Amino acid sequence: MPTTEKGGSRALLRALRAVMARQGDGQARLDKVVNLVASNMVAEVCSIYLKRDDRTLELCATEGLNPESVHSARLRVGQGLVGRIAQSAEPFATDDAQNAPGFRYLPETGEEIYRSFVGVPVQRLGEIMGVLVVQNRTPRRYTEDEVEALEVVAMVIAEMTEAGAFLVSDGLAGAGRRSGPLMIEGSAVCDGVAEGVVHLHEPRLVVFDPIADDVETERRRLAEAMAAMREDIDRMIAAERLGPANEHRDIFEAYRMFARDKGWMRRLDEAVESGLAAEVAVERVQSVVRTRMERATDPYLRDRLHDLDDLANRLLRYLTSGDGVEELPEGAVLVARSIGPAELLDHAGRIRAVVLEEGSHGSHAAIVARAINIPMIIGAERITRDANPADTIVVDGEQGRVHLRPEPSVHTAFREKISLEKQNRAVYRQLARLPATTTDGATVKLRMNAGILADLPSLEVSGAEGVGLFRTELQFMIRGSLPGREIQAALYDRVLTAARGREVVFRTLDIGSDKILPYIKRADEPNPALGWRAMRVALDRPLLFRMQVQALIRAAKGRPLSLMFPMITEAWEYDAACDSVRAEIDRLADRGVPRPENLRLGLMLETPSLVFAPDRLFENADFVSVGGNDLMQFFFAADRENDRVRRRYDLLNETALRMLSEIVRRCSATGTPLSYCGEAAGRPLEALALAAIGFRELSMRPASIGPVKRALRAVDLSEAFGVIEHAFADGHSSARTALRAWRESVKTAG
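Residues numbered from 1 in each chain as written. Predicted model: local features only at pLDDT ≥ 70, side-chain atom pairs only at ≥ 80, totals over all residues. Heavy atoms only, no water.

This brings us to the pairing of strand 20 (residues 599-605). Most of strand 20 is tucked away: 5 of the 7 residues are buried. Summarising the sheet, strand 19 (residues 561-568) and strand 20 pair through 6 bridges and their orientation is parallel. If you follow Ser562 over to strand 20, its bridge partner there is Arg600. Handedness of the β-α-β unit built from strand 19, helix 19 (residues 571-589) and strand 20 comes out right-handed. For strand 20 and strand 21 (residues 623-627), the ladder comprises 4 bridges, and the chain directions are parallel. In the strand pairing of strand 21, Leu603 is matched with Val624. Handedness of the β-α-β unit built from strand 20, helix 20 (residues 615-620) and strand 21 comes out right-handed. (Buried < 20%, exposed > 50% of the residue type's maximum accessible area, 1.4 Å probe, protein only. Helix = DSSP H or I, 4+ residues; strand = E, 2+ residues; numbered from the N terminus. Pairing = 2+ DSSP bridges. Right-handed = clockwise from strand over helix to strand, strands pointing away.)

Attention now goes to the packing of aromatic side chains. Overall, the coordinates contain 7 aromatic pairs when judged by the stated rule. Pairing Phe92 with Phe117 gives two aromatic rings, centres 6.4 Å apart and planes at 50°, and the pair type is tilted. Here Phe92, found in strand 4 (residues 92-94), pairs with Phe117, found in strand 5 (residues 116-124); they are 25 residues apart in sequence, far enough to count as distant. Ring centres 5.5 Å apart and planes at 65° place the aromatic pair Tyr492 and Phe506 in the edge-to-face group. Placement of the pair is Tyr492 in helix 16 (residues 485-499) and Phe506 in strand 18 (residues 504-507), with a sequence separation of 14 residues. An identical accessibility class is assigned to Tyr492 and Phe506; each is buried. Counting every residue linked through ring pairs, the aromatic cluster contains Phe470, Tyr492 and Phe506. (Phe/Tyr/Trp six-rings, centres within 6.5 Å; stacked < 30°, edge-to-face > 60°.)

In this section: the nonpolar core. Formed by 99 residues in total, the largest nonpolar core has its most connected members in Phe506, Phe565, Met632, Leu660, Tyr676, Phe695 and Leu698. Looking at which element gives the most residues to this core, the answer is helix 18 (residues 542-556), with 9 residues. Not counting chain neighbours up to four residues away, the residues in contact with Phe506 comprise Phe470, Thr472, Tyr492, Val495, Leu496, Leu552, Leu561, Ser562, Leu563 and Met564. Within the second largest apolar cluster, 59 residues are counted, among which are Leu36, Tyr142, Met265 and Ala277. (Core = buried A, V, L, I, M, F, W, Y, C linked by side-chain atoms within 4.5 Å. Contact = heavy atoms within 4.5 Å.)

In structure tokens form, the structure reads like this:
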């Protein structure tokens, strides 16, 4: 059969190109395509279904079925064998279609007499645009080569659909793009408000001639583009553009490894050999890999998909422009399906914000975004389809919302907000050297959270009084292998040096749940958040814990050292962790390593059970830090990232404040230093409430210190406490409304 050989596949593609070059409207081209494919495949039926919208597939052309069913026969995505292919993005073949699971008979088509069926998705860069189907009356097993040939044809159909080759009288058969002003909900990874113009990181590249004239020429173009891209990545790593921190180098070393993957290169060569132009070959392989990796349940593997997407997009730019440089308009807001760390770093200082359809809070790109302080929103559905280059866009990182082509009134409101923020930042800089002392004389120590070395300069700028939480797990999460003692010690040493004598509280390794290490097999648990994580892992894997503790002691070099143990649920866990640390100090001291000048060992209170722990736990702990994010989730049984229940997660609820007040009481009774660490500490209203019930230390993002300090310096905490108690006495379940109204009245009076 012609399609079973590479030469036959190329002959078919050349014939398709001739069809596309002929005069005629879109419907005529579609009709010629199905006729040509049916003839080449020796098939009685060939049909093309294209998406009319996100949920509907429409029969747009057929050779062999009832011609009157064209543009009238429709299926829902997931309905019938065709809908199943559109939903799964995978080919499907059978020699007994009527008895295949999910078969649906469309009487208007007359297809009941055809038993053999093979269909492949028409997709482009992960977007399903339709389905290409071939059918025969007699039972027939379609070979892998035949299926692959159809996939190549489907790729060409996708490219030509994007190029507008199949425009019919009522428009393009495909999922439409929304126009006009849009507000899109997402999730904020890095806070901030920005306005600008859309720059599509993954431009809708239109390849008007997707078929190669000369396979060797395309192969050479691909090899040259690949070599240039690899050299560019090598230069990026050598430049150390994020500074000397080893954890960032590890991200890009993993990225460089992907760029040299032999399997990826082999698949690209095979796609070119089939007769595709180099650009289309890259898109085809990218679509196949994306389809496979999107089904992965491992969050780490799904995040690596973004790195592979990033490489493919970079390679496409080398093929089309020759230098891989992405020109950016003034005031660009980067909009993409996903983005890798290298591409994001390329744009540092040249973009105002990033908006992604995909991604996670722990992805490589998210880590880099926080390091270079660029507002980022993930989970903005359909943004790449609905946005056009140079569209006006407003990114609200506080609410996790994107306003695309906003109404003038919305745009004006955000411009005023951005202007006000600039004014406020000037005020915060003036407050940086002043204490957070309230009008009634209470002083609250404000510290910052950090996780990478690049965070440390914020100590000076924000006026933070030290680091209340340094997340050590980030160094472990971004590497492809376990970091050794020397690597860990070098980072911790640089952190302590950068702090310039201010206290840094290092939280020991907090992994498990949604924090996955790629080199440690993930436990198969029905509920990871309540499973094997944090100190449970450390105590069950003492060598891993000991190695980190040894690195921290060596890094201290005799300087003060503060360690905090995460997810302590019982007193004996804290005792065991302390014993292990002290044993390591003694062991290293025997080898000449200086003991820390001052050792402070604390714990994170993240479960309601610890509120009722025995007195000796609070007496023995050098300090207690309330891990508010996890504590409130466990307390309310509500995930703050889940839109359906996150509104139930309210720190100012009476039951939550009563529990936190009990923690304050217990620590006061034993004289144990207490702090609150979590997102709520960085919100002025919640910070006021925490200070009112007795917290005198809060740890938050550096950007939140200024707003919280200004709020605290303007109020009387005894009055705030009275407002909270009065709200509860009046039967309100939350003090939020009353406290907000009181704060506004104070600001007005001031």
